[in-house]
Amino acid sequence: METPVDDAVPRRAAPLPAQLPEQRGRLTGIALMLGGGLSNQTGAALGALAFPAIGPTGVVAVRQWVAALVLLAAGRPRLRGFTWAQWWPVLCLALVFATMNLALYTAVDRIGLGLAVTLEFLGPLAVALAASRRRTDLGCALVAGGAVAVLSRPQPSTDYTGIACGLLAAACWAAYILLNRTVGRRLPGVQGSAAAAGVSGLLYVPVGIAVLLQHPPTGRVLAYAAAAGLLSSAVPFLADMLALRRVPPRFFGVFMSVHPVSAALVGLVVLGQHPQPLDWLAVAAIVAANTVGVLTARR
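Each chain carries its own residue numbering, running from 1 in the direction its sequence is written. Where totals are concerned, whole chains, interfaces and linings use all residues; where local detail is concerned, this predicted model gives features only for residues with pLDDT of at least 70, and gives and counts side-chain atom pairs only at 80 or more. Side-chain descriptors were evaluated using all non-hydrogen atoms of the structure, hydrogens and water having been removed beforehand.

Here we look at the packing of helix α4 (residues 84-111) against helix α8 (residues 160-186)
How two helices pack is summed up by the angle between their axes together with the distance between the axes.
Next up, step 1: Angular values range over 0 to 180 degrees, each being the angle between N-to-C directions of two axes fitted as lines to C-alpha atoms, with helices fitted over their stretch in contact. Strands are runs of DSSP state E lasting at least 2 residues, helices are runs of H or I lasting at least 4, and numbering of each runs from the N terminus. Viewed as axis vectors pointing N to C, α4 and α8 meet at an angle of 155°, and their least axial separation amounts to 8 Å. Judged by the angle between their axes, α4 and α8 are roughly antiparallel. Here α4 and α8 pass one another in a crossing that is left-handed. For this classification, under 35 degrees means roughly parallel, over 145 means roughly antiparallel, 65 to 115 means roughly perpendicular, and everything else is oblique. The sense of a crossing depends on the near helix, which, turned anticlockwise from the far helix by less than a right angle, makes the crossing left-handed and, turned clockwise, makes it right-handed.

The following block contains the structure:
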C-alpha cells in the first residue's frame, strides 16, 4: 500500500497557539513600561513647575497625600491585623518614602531633573553590584563612580547641595529595595506598600499644612503638585506591577535603565533644562553600566 503524499512530505511544525498571545503580552508589557516611565518623569516635571510657589517640600507633601489615597484604596491594608514584626519594616519604608521624595525633588530643584534622576539611579545599581565579586560588575561600578565624579566636577555653577540630595535619594532607593523585600515576605499583595504610603502621607500633614498656610497656593499650583502624586507614584506603580506579569525581570531591569535618559529629555522639553555635553556622557555611562549589570547578572 502506497504512503499518502501528505504523510510522505515533511511539514514544518505549526506555530504554537500560545506564541501569539505571548508576543502580544510582551508588547503590552513594553508599552506599560514606556508609559510608566514617561508618566513618572512627566509627573516630576509638573511638580517642578510648582516649586516657585510652594517649594519642593510643599510639592512633596501634596504628592505624598495623593499617592497615599490612591495606594490605600488599591491595597486596602488590614492595619489592625498587623503584628509588630510586620509594622516595623512598614514604618521604616514609610520613612524612606518620605525622605527619598523630598531629597529627589530638592535635587531636581537645584541641579535639574535629568541629573537628579541619574544620581538617584545609583541606588538600585549599588544594590545589584554590592554582593557581587565578578569583574564585569566591578567594571560597572567603576564606570558609574567615574560618571558621578564627572557630574560633581568643580565648576562655578556646581551645586554640591543638589548633588548630595541626589545621592541621598539614591541611598533611600537602595534602602527601599531591601525593605520592600522584607515587607513583601511578611505581608500579602501590596498591603505593605500601601500602608507605608499612608504613614508617609501622615508624616507630611503638619509640614505640608505649615508650608501651604505660609505660601497659599493657587488652583493651578495644587493641580501641578497633585499631578506629580498621581503620575509619579500611582500610575508607575500600577504600570510596573502589570508589566512584570508580562515581561521577564531582567528585561524589566534593562528598561528601567532608560529612566535617566527620559528624565533628561522631559527636563529639556518641559522645564527647558539644558545639561552640558559632558553631563550627557555621564548620564549615558551610568545607563550603560546599569544595563550591562542587568544583562550579565546571574539568575
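Quick look at the packing of α4 against helix α9 (residues 191-214)
Next up, step 1: In contact at an axis separation of 8 Å, α4 and α9 are set at 55° when each is read in the N-to-C sense. Overall, the two elements α4 and α9 adopt an arrangement that is oblique. By crossing handedness, the relation of α4 to α9 is classed as right-handed. Across from Trp87, Val90, Leu91, Leu93, Ala94, Phe97, Ala98 and Leu102 in α4, the residues of α9 making contact are Gly192, Ser193, Ala195, Ala196, Ala197, Val199, Ser200, Leu203 and Tyr204.
Next up, step 2: Think of it as three bins: nonpolar holds Ala, Val, Leu, Ile, Met, Phe, Trp, Tyr, Cys and Pro, charged holds Asp, Glu, Lys and Arg, and polar takes everything else, Gly as well. Looking at the contact of α4 with α9 residue by residue, the classes come out as 14 nonpolar, three polar and no charged. Contacts: residue pairs with any heavy atoms within 4.5 Å of one another.

Overview of helix α12 (residues 259-270)
Next up, step 1: Take the residue count of a helix, subtract one, and multiply by 1.5 Å to get its expected span. With 12 residues, α12 extends 16 Å from end C-alpha to end C-alpha; this agrees with the ideal 16 Å at 1.5 Å per step.
Next up, step 2: Only protein chains enter the calculation, and the probe is 1.4 Å; a residue is then buried if its accessible area is under 20% of its type maximum, exposed if over 50%, and partly exposed in between. Taken together, the buried positions of α12 are occupied by His259, Pro260, Ser262, Ala263, Ala264, Val266 and Gly267.

Focus: the nonpolar core
Among soluble globular proteins, nonpolar side chains are generally buried collectively.
Next up, step 1: The nonpolar core is taken to be a set of buried Ala, Val, Leu, Ile, Met, Phe, Trp, Tyr and Cys residues, with the residues joined through side-chain atoms within 4.5 Å. Core analysis: the biggest nonpolar cluster contains 65 residues, and Ile54, Tyr105, Leu113 and Leu122 have the highest contact counts within it.
Next up, step 2: Ranked by residue count, the leading element in this core is α4, at 13 residues.
Next up, step 3: Beyond its immediate chain neighbours, meaning those up to four positions away, Tyr105 contacts Gly43, Ala44, Phe51, Pro56, Val59, Val60, Arg63, Ala228 and Ser232.

Some points on the packing of aromatic side chains
Next up, step 1: Centre distance within 6.5 Å is the pairing criterion for rings of Phe, Tyr and Trp, where only the six-membered ring of Trp is used; planes under 30 degrees apart are then read as stacked, over 60 as edge-to-face, and the remainder as tilted. Taken as a whole and judged by the stated rule, the model has three aromatic pairs.
Next up, step 2: Relative to Tyr176, the ring of Phe97 lies with its centre 5.7 Å away and its plane at 40°, an arrangement referred to as tilted. Of this pair, Phe97 sits in helix α4 while Tyr176 sits in helix α8, placing them 79 residues apart in sequence.

A few points about the side chain of Ser232
Next up, step 1: Take Ser232: it is sitting in helix α10 (residues 219-243).
Next up, step 2: Of the residues examined, Ser232 reaches a relative accessible area of 5% and is grouped as buried.
Next up, step 3: Here the side chain of Ser232 touches Asn40 through a polar contact of 2.8 Å, landing on its backbone oxygen.
Next up, step 4: Excluding its chain neighbours within four sequence positions, the residues that come into contact with Ser232 are Ser39, Asn40, Gly43, Ala44, Arg63, Tyr105 and Ala227. Two N or O atoms count as a polar contact when they lie within 3.5 Å, although within protein this holds only if one can serve as hydrogen donor and the other as acceptor, and sequence-adjacent residues are included solely when both atoms are side-chain atoms.

Digging into the side chain of Gln191
Next up, step 1: Within the fold, Gln191 resides in helix α9.
Next up, step 2: With residues up to four places along the chain from it excluded, the contact list for Gln191 reads Gly75, Arg76, Pro77, Arg78 and Phe82.

A closer look at the pattern of salt bridges
Next up, step 1: Each reported salt bridge corresponds to a side-chain nitrogen of Lys or Arg within 4 Å of a carboxyl oxygen of Asp or Glu. Applying the stated criterion to the full structure yields one salt bridge.
Next up, step 2: Here Arg110 ties to Asp159 by a salt bridge, and the two come within 3.0 Å at their closest N and O atoms. Taken together, the positions of Arg110 in helix α4 and Asp159 in the loop between α7 (135-151) and α8 put the pair 49 residues apart, joining distant regions of the chain.
Next up, step 3: Exposure remark for Arg110: the relative accessible area of 42% places this residue in the partly exposed category.

Points about a nonpolar patch on the surface
Next up, step 1: Like charges within 9 Å and nonpolar side chains (Val, Leu, Ile, Met, Phe, Trp, Tyr) within 5 Å are joined into patches, using only residues over 30% in relative accessible area that form no salt bridge. To measure how exposed things are, a 1.4 Å probe is used in the Shrake-Rupley method; for residues, cover is taken only from the protein chains shown. A surface patch of nonpolar side chains, amounting to about 410 Å² of accessible area, comprises Leu49, Leu265, Leu268, Val269 and Val270.
Next up, step 2: If one sorts the elements of the nonpolar patch by residue count, α12 sits on top with four residues.
Next up, step 3: Following the sequence through the fold, Leu265 ends up in helix α12.
Next up, step 4: Relative accessible area serves as the criterion here: at 44%, Leu265 is assigned to the partly exposed category.

Let's talk about α9
Next up, step 1: Over its 24 residues, α9 extends 35 Å from the first C-alpha to the last, a length consistent with the 34 Å expected when each residue adds 1.5 Å.
Next up, step 2: Across the chain, bend at a residue is computed as the angle between axes fitted to the seven residues ending at that point and the seven starting from it. For α9, the principal kink sits at Val205 and spans about 40°; a proline, Pro206, occurs within the next four residues.

Some words on unusual backbone geometry
Both trends apply: most residues other than glycine have a negative phi, and most peptide bonds are in trans.
Next up, step 1: Unusually for a residue other than glycine, Arg76 sits at a positive phi of about 45°.
Next up, step 2: With respect to the helices and strands, Arg76 occurs in the loop between α3 (51-75) and α4.

Quick word on the environment of Ala68
Next up, step 1: Among the secondary structure elements, Ala68 is positioned in helix α3.
Next up, step 2: With relative accessibility at 7%, the residue Ala68 sits in the buried group.
Next up, step 3: Separated by 129 residues in the primary sequence, Ala68 and Ala197 have C-alpha atoms spaced 4.8 Å apart.
Next up, step 4: Not counting residues up to four positions away in its chain, the partners in contact with Ala68 are Ala197, Gly198 and Gly201.

Describing the confidence of the model for the protein chain
Next up, step 1: In predicted models, pLDDT denotes the confidence assigned by the predictor to each residue on a 0 to 100 scale. Averaged over all residues, the pLDDT of the protein chain is 80; the fraction at 70 or higher stands at 83%.
Next up, step 2: Predicted confidence is poor over residues 1-10, with pLDDT under 50, and the contacts of this stretch with residues over four places away or in other chains come to two contacts.

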